[in-house]
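Chains, contacts and geometry: an overview
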Amino acid sequence: MLHELTLAGQASAIAATPTTDDLPRRIRGFATLGEALDYAAKGKRGFNFHDARATLVRAYTFTELRSDALSVAKKLIGAGIKPGDRIALIAETGPEFAAAFFGAIYAGAWPAPLPLPTSFGGREGYVEQIRNQLTSCDPHLVLTPGGLISMVAEAAQAVPAACVLDWEAVAALAESDAALPQAKPEDVAYLQYSSGSTRFPHGVAVTHHALLANLEGHAVGHDIRDDDRLVSWLPWYHDMGLVGCMLSPVANQMSTDYLATEDFARRPLSWLTLISRNEGHSLSYSPTFGYDICARRVSSQTDVAHKFDLSRWRIAGNGADMIRPDVMQHFVDAFAAAGFKASAFLPSYGLAEATLAVSITPVGQGIVTDLVDERLLAGEGHAEAPAADAKRPVRYRAFVNCGKVIPGHELEVRDEAGQPLPDRTIGRVFFKGPSVMAGYFRDEVSTAACLKDGWLDTGDMGYLVDGSIYIVGRAKDMIIINGKNHWPQDIEWAIEQLPGFKQGDIAAFSITQDNGEEAPAVLVQCRTSDADERAKLRDAIKAKVRSITGMTCVVELVPPRTLPRTSSGKLSRSKARTLYLSGQIQPFDIAA
């Protein structure tokens, strides 16, 4: 199926695809994703795959990708695949997945990228997740790397009609002589499962038109330049990794350097090595935790100026979770000597149901925060700055400006009655425009619950200031105690200030006590085995949360690596709560 390359002893001889090209850049006017690849294949740019040490092991031009994808499309048609059939793909970062994804597109099928295993949950958890997602998308084929075929086949038993094949088996299929179908802009291009899609997954149906409208917004929002080159470690089953870092480079004809997500987890600084090598300008996105792990990993004894050159990192995108200004500042402090500029940070906001991007901040603006009086925020939902003549100490909350809505789209913040709210008033965020999903696959009830008159209820809470959106959290995560709103990330942040804890060690949520009253609870991963030390730690956590939030919370210490994660590695508060209440998470027994 794919062009073969013998790598032994040839790593240094492999030439990466060029950053610049004679092919004129085109960011709009494509009717379908296949048409976008047809155009990109006329040039010399493409994908470049690196190992954990940032060594180039495969350069894969868009020309090769198109050739392989057309071959896969003919094989799929020969195997009986018809337009609208679903093809589940385990999203391994590599040429096989890329060719299979675009092959499904050319065949008129709907590819549905699914996650690779993570270090969280083990085999049983992974099989359950894939089983649920396969049941949701009801595929005719499930394509997977050979090393995962036993687990994937076990999960696929829930869909008896599905055939499980590894990459080699796909390559051995015979090609059909039948003509390829001609896709239309309004046709569904693929199904996207969000990182939280585990127990009850929702397949987001994205049309060619919605995808290309969003990708045009990417290009405009990022002010794409001829010497830009993308660098990414994000997984291809996540909307930011798939849309922002695999499909966008094709539609915008941009060479990209990839580090597999699992390799980033082992050697995160290889990400910065790839950026340092770029002679043009680099674009690279990460959730907050990616910047955090790099800043933590670099030693105070490391000469970052000698080891890295981040001076040409033009856009350091932030997205996919709440943006933490303190973490971003830590990254700046760690890598300023290597030429990194704080102005390169580019916060954004998006979600799978909007294809990806909803809003993007202006290039070069960096992180802009809004300090809010927490009393007003929690009591009345107003995001007002603290009064200058305040007669008592005031707690602040810092929210990050996530920019203005992408071109051709609309954004509103509404109250519970659905009425638009004025600036600095917190409500539910609604989005409208061509990028909005067609709906959830085979789930009319859930689709109707979040789509009305073309407006998407994002499920997020935020407020506007002069057209810029500030996100304060997920509506479903809010903890309401005695009529006062509390965001779980505030409680988690308070505990992170204690020695020995880091982001991801704590999950905060509300529980109903025996007396029927709501109370905040936190699960905290504890690494000490001494019972007395655990008791002291629990008391210290209670005191810290009380000093910062004013709340008395239930504190449960749990073993390391207990808290559940989404497929992209983020903490899943809702799943942690479910597992705790069902008894599947067992805290340490600590004497009162």
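All residue numbers here refer to positions counted from 1 along the written sequence of the relevant chain. In keeping with the predicted nature of the model, local features appear solely for residues at pLDDT of at least 70, side-chain atom pairs appear and are counted solely at 80 or more, and the whole-chain, interface and lining totals rest on all residues. Side-chain measures here rest on the full set of heavy atoms in the structure, leaving out hydrogens and waters.

1. Comments concerning the overall build of the protein
Under the DSSP-based scheme used, a helix requires at least four consecutive residues in state H or I and a strand at least two consecutive residues in state E, with every element numbered from the N terminus. Across its full length, the protein holds 18 helices and 28 strands. Its C-alpha atoms give the protein a radius of gyration of 24 Å, within 12% of the compact-globule value 25 Å for 592 residues. In terms of its C-alpha atoms, the protein occupies a principal-axis envelope of roughly 75 × 55 × 50 Å. Categorising residues by exposure relies on relative accessible area from a 1.4 Å probe, with only protein chains included: less than 20% of the type maximum marks a residue as buried, more than 50% marks it as exposed, and the intermediate range marks it as partly exposed. In the protein, which comprises 592 residues, the proportion classed as buried is 56%. Throughout, the Shrake-Rupley method with a 1.4 Å probe supplies accessible areas, and for residues the shown protein chains are the sole cover considered. Surface summary for the protein: the accessible area is close to 24400 Å², and the carbon and sulfur share equals 50%. Only four residue types enter the charge count, namely Lys and Arg as positive and Asp and Glu as negative; His and the chain termini do not. A charge is said to be at NZ when it belongs to Lys, at CZ for Arg, at CG for Asp and at CD for Glu. Of the side chains in the protein, 58 bear a positive and 69 a negative charge, and the two mean positions are spaced by 2 Å. The globule rule used here is 2.2 Å times the number of residues to the 0.38 power, and the radius of gyration it is set against is calculated over C-alpha atoms.

2. Things to note about the state of the cysteines
In what follows, a disulfide is any cysteine sulfur pair within 2.5 Å. Inspection of every chain in the model, using the stated rule, returns zero disulfides. Cysteine Cys-553 is unpaired, with the sulfur of Cys-526 as its nearest cysteine sulfur at 15 Å.

3. Points about the nonpolar core
Across soluble globular proteins, you tend to see nonpolar side chains buried next to one another. Counting residues in each nonpolar core, the largest one holds 143 residues, and the members touching the most others are Phe-101, Trp-271, Leu-272 and Phe-335. In terms of residue count, helix 3 (residues 95-107) provides more of this core than any other element does, 10 residues in total. For Phe-101, the contacting residues outside a window of four places in its chain are Leu-33, Leu-89, Pro-111, Pro-113, Tyr-190, Leu-242, Met-246 and Leu-247. Within the second largest apolar cluster, 19 residues are counted, among which are Ala-508, Ala-535, Leu-557 and Ile-590. As used here, the term nonpolar core means buried Ala, Val, Leu, Ile, Met, Phe, Trp, Tyr and Cys residues forming a set that is joined through side-chain atoms within 4.5 Å. The contact definition used throughout considers only heavy atoms, calling two residues in contact when any of these lie within 4.5 Å.

4. Details of unusual backbone geometry
The phi angle at Asp-223 is positive, at roughly 50°, despite the residue not being glycine. If you trace the backbone, Asp-223 turns up in the loop between helix 7 (208-221) and strand 9 (228-232).

5. Structural notes on the confidence of the model for the protein
Note: pLDDT gives the predictor's confidence per residue, expressed from 0 to 100. Mean pLDDT over the protein stands at 89; residues scoring 70 or higher make up 90%. Across residues 1-12 the pLDDT falls below 50, and counting only partners more than four positions away or on other chains, this stretch makes 23 contacts in the model.

6. Remarks on the sheet that holds strand 3 (residues 86-90)
At least two bridges found by DSSP between two strands is the condition for calling them paired. The strand order across the open sheet formed by four strands is 4-3-5-6, and the pairing between neighbours is parallel. Each of the sheet's edge strands pairs with one partner strand only, and the pair in question is strand 4 (110-114) and strand 6 (163-166). The mean inter-strand angle of the sheet, taken between neighbouring strand axes irrespective of direction, is 25°. When strand 3 meets strand 5 (residues 141-144), the two strands line up parallel, connected through three bridges. Within strand 5, the position partnered with Ala-88 by the bridge is Val-142. The convention used is that axes are lines fitted to C-alpha atoms, helices contributing only their stretch in contact, and that angles between N-to-C directions extend from 0 to 180 degrees.

7. Considerations on the side chain of Thr-93
Checked against the element boundaries, Thr-93 lands in the loop between strand 3 and helix 3. When sequence neighbours within four positions are dropped, the list of residues in contact with Thr-93 reads Phe-49, Trp-236, Tyr-258 and Ala-260.

8. A few points about the environment of Ile-360
Position of Ile-360 relative to the elements: it lies in strand 14 (residues 357-360). The class for Ile-360 is buried, based on a relative accessible area of 10%. Sequence separation of Ile-360 and Tyr-349 is 11 residues, and the distance between their C-alpha atoms is 6.7 Å. Those residues in contact with Ile-360 that sit more than four places away from it in its chain are Gly-217, His-218, Gly-221, His-222, Leu-346, Pro-347, Ser-348, Cys-402, Gly-403, Lys-404 and Ile-406.

9. Structural notes on helix 4 (residues 122-137)
Its 16 residues give helix 4 an end-to-end C-alpha distance of 23 Å, which sits within 8% of 22 Å, the value for a rise of 1.5 Å per residue. Within helix 4, burial applies to Tyr-126, Val-127, Gln-129, Ile-130, Asn-132, Gln-133, Leu-134, Ser-136 and Cys-137. The secondary structure elements touched by the buried residues of helix 4 are strand 3, strand 4, strand 5, helix 5 (149-155), strand 7 (188-193) and strand 8 (203-207). Just beyond helix 4, the residue with positive phi is Asp-138, at close to 50°. Working rule for helices: expected span equals 1.5 Å times residues minus one.

10. With respect to the packing of aromatic side chains
The pairing test for Phe, Tyr and Trp rings, Trp by its six-membered ring, is centres within 6.5 Å, and the orientation test on the planes gives stacked under 30 degrees, edge-to-face over 60, and tilted for anything in between. On inspection of all chains with the given rule, the structure shows 32 aromatic pairs. When the centroid spacing of 6.2 Å and the interplanar angle of 50° are considered together, the rings of Phe-47 and Trp-236 count as tilted. Here Phe-47 is found in strand 1 (residues 46-50), whereas its partner Trp-236 is found in the loop between strand 9 and helix 8 (239-251), with 189 residues between them in sequence. Comparing Phe-47 with Trp-236 shows no difference in burial state: the two are buried. With a centroid separation of 5.4 Å and an interplanar angle of 80°, the aromatic rings of Trp-271 and Trp-313 are classed as edge-to-face. A residue pair is termed long-range when its members are at least 10 positions apart, and Trp-271 in helix 10 (residues 269-277) and Trp-313 in strand 12 (residues 313-318) qualify at 42 residues. Like Trp-271, the residue Trp-313 is buried in the burial classification. Linked through ring pairs, Trp-233, Phe-264, Trp-271, Phe-289, Tyr-291, Phe-308, Trp-313, Phe-331, Phe-335, Phe-340 and Phe-345 together constitute an aromatic cluster. A ring has a charge above it when a Lys NZ or an Arg CZ is no more than 6 Å from the ring centre and no more than 35 degrees off the ring normal. Directly above the aromatic system of Phe-588 lies the positively charged group of Arg-534, at a separation of 3.5 Å from the ring centroid.

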